[in-house]
Amino acid sequence: MSNAADWMKQRTEEPPVEPVDLRIDIPHSARMYDFWLGGKTNFPPDRALGEAFEQAIPGIKVMARENRRFLGRAVRYLAGEAGIRQFLDIGTGIPTEGNIHEVAQATAAESRVVYVDNDPIVLAHARALMDSTGTGRTAYIHADLMEPEKILADPLLSSTLDLEQPVGLTLVAILMLIADADDPWGRARVLMDALAPGSYVAVTHPGADFDPVAMASVVEAAAKGQMTLVPRTREEVARFFGDWELVEPGVVPVMGWRPDGEPPADPAAAYYWSGVARKR
Ligand SMILES: C[S@@+](CC[C@H](N)C(=O)[O-])C[C@H]1O[C@@H](n2cnc3c(N)ncnc32)[C@H](O)[C@@H]1O
């Protein structure tokens, strides 16, 4: 590298700045999640549907926070014990506390992260994901999990990650936004098949089997807001891992996955399944 400016350029790949239509007239999952997390990047339709969900599940804000906490614990595990140095995050969401590169680079400064989301508002905020420290690096790809081949073929992916080496793939609170008919298992599998042995996948997913009545109300509210939302059973969530080897404790309620400190009194209080598995 010839000078500091070149070095900086190498470290981060910024997405092109183009005008985007945020469609603030309809609710978006990224902005509803931001609302539940206490963020400011949300609009009246996001808050209205977010509150409708909260009526059905009063603990929904806690659930969102617990999901986010899982992401932190899973990335710390991957960057620490599992020795992963590169991450592919699908369905990144609006940047918030504990973004993957921050967590991973706190353990291993050289960690590289490719973020992917299909929501223009996440694209608009992607600059906040570009503040790598040390020798680490991040890139943002505006793309859709429905087209996993395009994600894999994106030049930003190949210039940031080496797919010959293990990758930590994170599919955290995204798969429920894809209907069965659109085969979320097949889409995830395309990404998983492209990764080297020793790679990991981390998944969280709202569960259909914690409080089926409350979940049915949420699904109904989502449909009224023109949003696809599919809570799934533990067995359906476990299928995402395929033949990869689940790390302990397997597919469990999100609060029960390797909790920091004391195990929670009621791990099933947040209606999300979670797990991490390793490619053999
Ligand atoms: C509930 S948020 C989860 C954010 C983050 N993964 C987390 O758990 O903290 C879901 C994110 O997935 C994105 N998303 C939804 N469907 C997507 C798709 N088909 N392709 C890419 N991103 C998608 C949304 O825009 C949103 O940012």
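All values derive from a computational prediction rather than experimental measurement.

**Thoughts on the overall build of the chain**
Of the regular secondary structure elements, the chain holds eleven helices and nine strands. Over its C-alpha atoms the chain spans a radius of gyration of 18 Å, differing by no more than 12% from the 19 Å that the globule rule assigns to 280 residues. Dimensions along the principal axes, computed over C-alpha positions, put the chain at roughly 60 × 45 × 35 Å. Counting the 280 residues in the chain, one finds 45% classified as buried. For the chain, restricting intrachain contacts to residue pairs at least 6 apart in sequence, the fraction spanning at least 24 positions comes to 76%.

**Observations concerning the site of the ligand**
Taken together, the neighbourhood of the ligand is formed by 22 residues, with Ala30, Gly91, Gly93, Asp119 and Leu145 sitting nearest. Counting residues per element, the ones that place at least two in the shell around the ligand are helix H2 (29-36), helix H4 (60-79) and strand S3 (112-117). The residue makeup of the shell around the ligand, split by class, is twelve nonpolar, six polar and four charged.

**Quick look at the confidence of the model for the chain**
Model confidence for the chain is summarised by a mean pLDDT of 93, while 94% of its residues fall at 70 or above. Overall, residues 1-11 carries pLDDT values under 50, and its contacts beyond four positions in sequence, including any with other chains, amount to five contacts.

**Remarks on the nonpolar core**
Nonpolar side chains in soluble globular proteins tend to end up buried together. Membership of the largest hydrophobic core comes to 77 residues, with the highest contact counts inside it found for Val114, Leu169, Leu171 and Val201. Looking at which element gives the most residues to this core, the answer is H4, with nine residues. Ignoring sequence-local partners within four residues, the contact set of valine 114 consists of Leu88, Ala139, Ile141, Leu156, Leu157, Thr160 and Leu161.

**A look at the pairing of strand S5 (residues 168-172)**
Counting buried positions over the five residues of S5 gives five, a clear majority of the element. Inspection of the sheet shows strand S2 (residues 86-90) paired to S5 by three bridges, in the parallel sense. Paired with aspartate 89 across the two strands is threonine 170, which belongs to S5. As paired strands, S5 and strand S6 (residues 200-206) are joined by five bridges and run parallel to one another.

**Things to note about the environment of glycine 91**
With respect to the helices and strands, glycine 91 occurs in the loop between S2 and helix H5 (100-107). Glycine 91 sits 56 residues away from phenylalanine 35 along the chain, and the two C-alpha atoms are 16 Å apart. Not counting chain neighbours up to four residues away, the residues in contact with glycine 91 comprise Asp117, Leu145, Leu171, Val172, Ala173 and Ile174.

**Points about the pairing of strand S9 (residues 272-278)**
Within S9, six of the seven residues are buried, which leaves it mostly tucked inside the rest of the structure. Two strands pair when backbone bridges link them, and S6 and S9 are joined in this way by seven bridges, in the antiparallel orientation. Its bridge partner being in S9, tyrosine 200 is matched across the sheet by arginine 278. Sheet topology places strand S7 (residues 245-246) next to S9; two bridges connect them, and they run antiparallel. Paired with glutamate 245 across the bridge in S9 is arginine 278. Summarising the sheet, strand S8 (residues 252-253) and S9 pair through two bridges and their orientation is antiparallel. Note on S9: the bridge partner recorded for proline 253 is tryptophan 273.

**Regarding the packing of helix H3 (residues 44-56) against helix H10 (residues 212-224)**
Interaxial distance between H3 and H10 falls to 8 Å at its minimum, and their mutual angle equals 160 degrees. The orientation of H3 relative to H10 falls into the category roughly antiparallel. The handedness of the crossing between H3 and H10 is right-handed. On the side of H3, the interface is formed by Leu49, Ala52, Phe53 and Ala56, while H10 contributes Ala214, Ser217, Val218 and Ala221. Partitioning the contact of H3 with H10 into residue classes produces seven nonpolar, one polar and no charged.

**A word on helix H9 (residues 184-193)**
Listed as buried for H9 are Pro184, Arg187, Ala188, Leu191 and Met192. Projection of H9 onto a plane perpendicular to its axis shows the buried side chains occupying an angular sector of 140 degrees, all on one side. Exposed side chains of H9 directed beyond 90 degrees from the buried face belong to Gly186 and Asp193. If you follow the buried residues of H9, they end up packed against helix H7 (148-153), S5 and S6.

Scoring rules and cut-offs
Residues numbered from 1 in each chain as written. Predicted model: local features only at pLDDT ≥ 70, side-chain atom pairs only at ≥ 80, totals over all residues. Helix = DSSP H or I, 4+ residues; strand = E, 2+ residues; numbered from the N terminus. Rg over C-alpha atoms; globule rule 2.2 N^0.38 Å. Buried ≥ 20, exposed ≤ 12 C-beta atoms within 10 Å, placed from the backbone. Contact = placed C-beta atoms within 7 Å. Near = placed C-beta within 6 Å. Nonpolar A, V, L, I, M, F, W, Y, C, P; charged D, E, K, R; others polar. pLDDT = per-residue confidence, 0-100. Core = buried A, V, L, I, M, F, W, Y, C linked by C-beta atoms within 7 Å. Pairing = 2+ DSSP bridges. Axes fitted to C-alpha atoms, helices over the stretch in contact; angles between N-to-C directions. Parallel < 35°, antiparallel > 145°, perpendicular 65-115°, else oblique. Left-handed = near helix turned anticlockwise from the far one by under 90°. Arc of directions from axis to C-beta.

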